[in-house]
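Fold and contact review
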Amino acid sequence: MARSCCVFLICLFFSLMLGHGVEASHVIYRTFQNLQATNPDNTYRTSYHFQPPKNWMNDPNGPMMYKGIYHLFYQYNPYGADWGNIVWAHSTSVDFVNWTPRAPAIFPDQPGDINGCWSGSTTILPGYKPAILYTGIDPQKSQVQNLAVPKNLSDPLLIEWVKSPYNPLMAPTNLNQINASSFRDPTTSWLGPDKTWRVIIGSKRHRRGLAILYRSKDFVHWVKAKHPLHSAKDTGMWECPDFFPVSSQGGLDTNTVGLGIKHVLKLSLDDTKHDYYTVGMYNLDKDRYVPDKGSVDNDTGLRYDYGKFYASKTFYDSAKKRRILWGWINESLPQPEYVKQGWSGIQAIPRSIWLDKSEKQLVQWPIMEIEKLRGNRVDMPSSVLKGGSMLEISSVTAAQADVEISFGEIELEKAELMDPSWTNPQLLCSRKATSVKGGLGPFGLKVLASKDLKEYTAVFFRIFKGHNKYVVLMCSDQSRSSLNHNTDKTTYGAFVEVDPTNEQLSLRSLIDHSIVESFGGGGKACITARVYPTLAIGNWAHLYAFNYGSGSVRISKLSAWSMKKALIN
Ligand SMILES: *[C@@H]1O[C@H](CO)[C@@H](O)[C@H](O)[C@H]1NC(C)=O
Ligand SMILES: *[C@@H]1O[C@H](CO)[C@@H](O)[C@H](O)[C@H]1NC(C)=O
Ligand SMILES: *[C@@H]1O[C@H](CO)[C@@H](O)[C@H](O)[C@H]1NC(C)=O
Ligand SMILES: *[C@@H]1O[C@H](CO)[C@@H](O)[C@H](O)[C@H]1NC(C)=O
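Rules used throughout
- Residues numbered from 1 in each chain as written.
- Chains lettered and ligands numbered in written order.
- Predicted model: local features only at pLDDT ≥ 70, side-chain atom pairs only at ≥ 80, totals over all residues.
- Heavy atoms only, no water.
- Helix = DSSP H or I, 4+ residues; strand = E, 2+ residues; numbered from the N terminus.
- Buried < 20%, exposed > 50% of the residue type's maximum accessible area, 1.4 Å probe, protein only.
- Contact = heavy atoms within 4.5 Å.
- Near = heavy atom within 4 Å.
- Polar contact = N/O pair within 3.5 Å; in protein donor to acceptor, adjacent residues only side chain to side chain.
- Areas by Shrake-Rupley, 256 points an atom, 1.4 Å probe, with all protein chains shown as cover.
- UniProt positions renumbered as here; feature names shortened; annotations may be inferred.
- Salt bridge = Lys/Arg side-chain N within 4 Å of Asp/Glu carboxyl O.
- Domains from an automatic or database assignment.
- Buried area = accessible area lost by both parts, 1.4 Å probe.
- Nonpolar A, V, L, I, M, F, W, Y, C, P; charged D, E, K, R; others polar.
- Pairing = 2+ DSSP bridges.
- Axes fitted to C-alpha atoms, helices over the stretch in contact; angles between N-to-C directions.
- Disulfide = S-S within 2.5 Å.

1. A few points about the overall build of the protein
For the protein, the helix and strand inventory stands at four helices and 41 strands. Its C-alpha atoms put the protein at 70 × 70 × 45 Å along the principal axes. Counting only residues that meet the buried cut, the protein has 60% of its 569 residues in that class. Sequence-distant contacts in the protein: of pairs separated by 6 or more residues, those separated by 24 or more amount to 64%.

2. So, the site of ligand 3
Taken together, the residues surrounding ligand 3 are Val296, Asn298 and Thr300. Measuring from an oxygen atom of ligand 3, one finds a side-chain N or O atom of Asn298 at 2.3 Å. Burial of ligand 3 by the protein chains amounts to 33% of its free accessible area of 360 Å².

3. Overview of the environment of Val220
Mapped onto the elements, Val220 comes out in the loop between strand 14 (208-216) and strand 15 (222-224). Look at Val220 and you get buried, because its relative accessible area is 18%. For the pair Val220 and Leu147, spaced 73 residues apart in the sequence, the C-alpha separation amounts to 7.8 Å. The residues contacting Val220, other than those within four sequence positions of it, are Leu147, Tyr166 and Leu169.

4. A short note on the UniProt feature "domain: Glycosyl hydrolase family 32 N-terminal" (unreviewed entry) in the protein
Here, UniProt's "domain: Glycosyl hydrolase family 32 N-terminal" (unreviewed entry) annotation points to residues 49-366. In the segment residues 49-366, helix accounts for 2% and strand for 49%; the C-alpha atoms at its two ends are 12 Å apart.

5. Side note on the site of ligand 2
Lining the immediate environment of ligand 2, one finds Asn179, Ser181, Ser182 and Lys204. One nitrogen or oxygen atom from the side chain of Asn179 is found 2.4 Å from an oxygen atom belonging to ligand 2. A total of 360 Å² of accessible area belongs to ligand 2 in isolation, and the protein chains cover 46% of it.

6. Considerations on the pattern of salt bridges
Enumeration according to the criterion identifies 31 salt bridges in this entry. One salt bridge in this structure joins Asp109 and Lys163, with 2.5 Å as the shortest N-O distance. A residue pair is termed long-range when its members are at least 10 positions apart, and Asp109 in the loop between strand 6 (100-106) and strand 7 (117-125) and Lys163 in strand 10 (residues 161-163) qualify at 54 residues. A residue is classified by how much of its surface remains accessible, and Asp109, at 48% relative accessible area, is partly exposed.

7. Some words on the domain arrangement of the protein
For the protein, the assigned domains read domain 1 (57-366) and domain 2 (377-563). Put simply, the middle of domain 1 and the middle of domain 2, counted by C-alpha atoms, are 32 Å apart. Contact with domain 1, which involves 24 residues of that partner, is made by 23 residues of domain 2. At the boundary of domain 1 with domain 2, total buried surface from both sides reaches about 2100 Å², with 55% on carbon and sulfur atoms. Taken together, domain 1 and domain 2 are joined by two salt bridges. Of the charged contacts in the structure, one is a salt bridge between Glu331 and Arg530, with a shortest N-O distance of 2.8 Å. Top contributing element to the side of domain 1 that touches domain 2 by residue count: strand 27 (residues 362-366), with five residues. Across the side of domain 1 that touches domain 2, the residue classes break down as 13 nonpolar, five polar and six charged.

8. A look at the sheet that holds strand 8 (residues 129-137)
Pairing is antiparallel across the open sheet formed by four strands, whose spatial order is 7-8-9-10. Only two strands of the sheet have a single partner each, and these edge strands are strand 7 and strand 10. Sheet twist, expressed as the average angle between the axes of neighbouring strands with direction ignored, equals 30°. As paired elements, strand 8 and strand 9 (residues 143-150) share six bridges and run antiparallel to each other.

9. A word on the sheet that holds strand 24 (residues 343-344)
The strand order 6-5-4-3-24 describes an open sheet built from five strands, whose pairing is mixed. Two strands bound the open sheet, and with one partner strand each, they are strand 6 and strand 24. Relative to strand 6, strand 5 (residues 87-93) is paired through four bridges, and the arrangement is antiparallel. Across the sheet, residue His90 finds its bridge partner in strand 6, namely Arg102.

10. Let's talk about the state of the cysteines
Under the definition given, this model contains one disulfide. Residue pairing for Cys429: its cysteine sulfur links by disulfide to Cys475, the two sulfurs lying 2.1 Å apart. Across the disulfide from Cys429 to Cys475, rotation about the S-S bond amounts to roughly -80°, and the bridge is consequently left-handed. With Cys429 in helix 4 (residues 425-431) and Cys475 in strand 35 (residues 470-477), this pair connects stretches of sequence that are 46 residues apart. Cysteine Cys117 shares no disulfide, and the gap to the nearest cysteine sulfur, in Cys240, comes to 15 Å. Of the residues examined, Cys117 reaches a relative accessible area of 0% and is grouped as buried. Free cysteine: Cys526, not disulfide-bonded; nearest cysteine sulfur from Cys429 at 14 Å.

This is the structure in C-alpha cells:
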C-alpha cells in the first residue's frame, strides 16, 4: 500500500515535470488537463454560488442582460478539472439566482482561435445587437482578437454564435510592436460622440502594464491608436481590463462619457493575481484616462476584493439601471487535490457596484436577488459583547447562511495607537491573528466553526487610533480554517473607510460550504476566502459572534438566515 502510494507520487512528480510548459502565463499540465476524476468529491461544492457541474472554470466572460435574460459565459475546460482546452461555456438565468446550462457559445474552429478561445466581453450594438470580442490563440500561438455575433437575434437565449469572416480583427504585427504573447482580453467597447467605437486590450511592454486602444467605425475594421488609453510602470501584464463610467446614484451605460463623469479602470495583474482599480477622468479629446490625484495606480491601491477574486468583469444591467460585477474565485487546494475533486473554480455572488459619496472608491453589495434565497431567519436582540466573550448564533444552517451584524457603542478610548509603519493591512492582519488580544478587537464572526473550535474562519475588525482619525482594519483569518495542512491559509486584510465615532460598523458574510464572502462597512471593503473544513461540514458547522479585545462593543443588529439551494447548472 505504502509502496504503491509512493510509486503514484513519483509518477505524479514526473508527470508534473514533463507536462509542465508555459504559454503566455498560463501554466500547462498536459497530463491533468484531460483527466476526469474517477471519483468526484462534492464535499466542498457550493449551494448558491455559480459553478458548472464539473471540470475547470476560470474567468467570467461577456456577462450581459439581453431581452430580460441574464447571460454568463465563462472560461471552461470540457475535458478536465485543470486549465486547458478552453471554450466559452454559457449559462442563462431569468432571475439572476438559478442558472440553466447551454451549449458552449464559442469553441476553437477557425485559424484565429484554433488553440483556444480566451477571455473577452460583449457590447450591445445599435439596434439591440450583442457582439462578442474575444481573444483567440492562432496557429502560431499568437494572441489575436476575434468577433462573434448571435446567429438568431430573435432567440433571447442566444444559443448560437457566428464568427466574423474578417477574423482576426486585431493582431500583433511587427509594425505595431505588440507582444504577441501579451495581448488579450478586450473590454466592452464604448461609442464616442464622434460615432467611433473604442476598445482596450490588456498588454505590457517590459514591466509597464498597457491598455492598448483600438478604434473602429463599423466594429469590424479596427485601427490601433498611437497611444494606449493608459499605462503604469512596474505593474506587469494587465489582464482583463475593465473601463466604465460610474456615479454615486447608480449604474451608467458604458457609452456614457462627458463632463464631470468619473470613470473606473480595473486591471487584473497577472503577477500578483489581484484586481486593482483607480477612479479618474476620461479625457475624450486626448483619448486618455487619467487617475485622480491620490488614486494609487498599482495593487497597493484599491482592490475590489482583498481576498481571492480575479479576472473580474462588469456589465450595465439596463433593466435595473445598475452596474454588476462578476469575479472568479479559484481553489486554495493544491492542484492534485482539485483535479481529484473533479472540479475547480467558483464565481463570486454578482455584486452591484457604485461610486461612494466621497468619489474616491467604489462600494459593492451582493445583488438583491440573492435575498430570495433567504429562508429561516434569526434575529438577536441588541446586546453588549464584552471583551473576551463569544455568542453562538444558532438555528441557522451555518454552512449555508447569510449573516449581517452591526457594531455600535464601541469603547473607542480603548483603541491602541496606530503605528505609521503599518501600511499593509494584509501583513497587519497576519501579525495580529484572531488569538492576539487588542484594545479594540478582534471582534466579528467565527464562521464554518467546529463545536470544539479546532476549525473556524474568523472575519473581524480591529480599531486603532491614528494621527487624526480612527483606523478600521478588517481581517479574514483562515489560519484555523481546516485541519488539511495542504490548503492555502493566507490571511487577508483591508482598511475600511468608516468613521466609528459617528457610524455603525457593519459586516455581512455570505457562507457557502467552502467560500466566505465578507462585506465590511456596508461594502466599502470586501474579502473573499476559500476554506476546506474537515470537521465543520454541513450540519456540523457552527456560527459565532465574538469579541477578544479588551474594550466592549454593542451588537446593535444581528440577523442571520439559512440560505436555500439555488438551481445552478
Ligand atoms: C429564431 O429564434 C426564434 C425564437 O426562439 C425562433 O422562433 C425562430 O424559429 C428562430 N429562427 C431560426 C431561423 O432558427
Ligand atoms: C512578451 O510577453 C512574454 C509573455 O509574458 C514574455 O515572456 C516576453 O518577455 C515578452 N517580450 C517582450 C519583448 O517584452
Ligand atoms: C505603488 O504606487 C505608489 C504611489 O505611486 C508608490 O508609492 C509605490 O511605490 C508603488 N508600489 C509598487 C509596489 O509599485
Ligand atoms: C489560485 O490559488 C492559489 C492558491 O491559493 C493562489 O496562489 C493563486 O494566486 C490563485 N490564482 C488566482 C488567479 O487567484
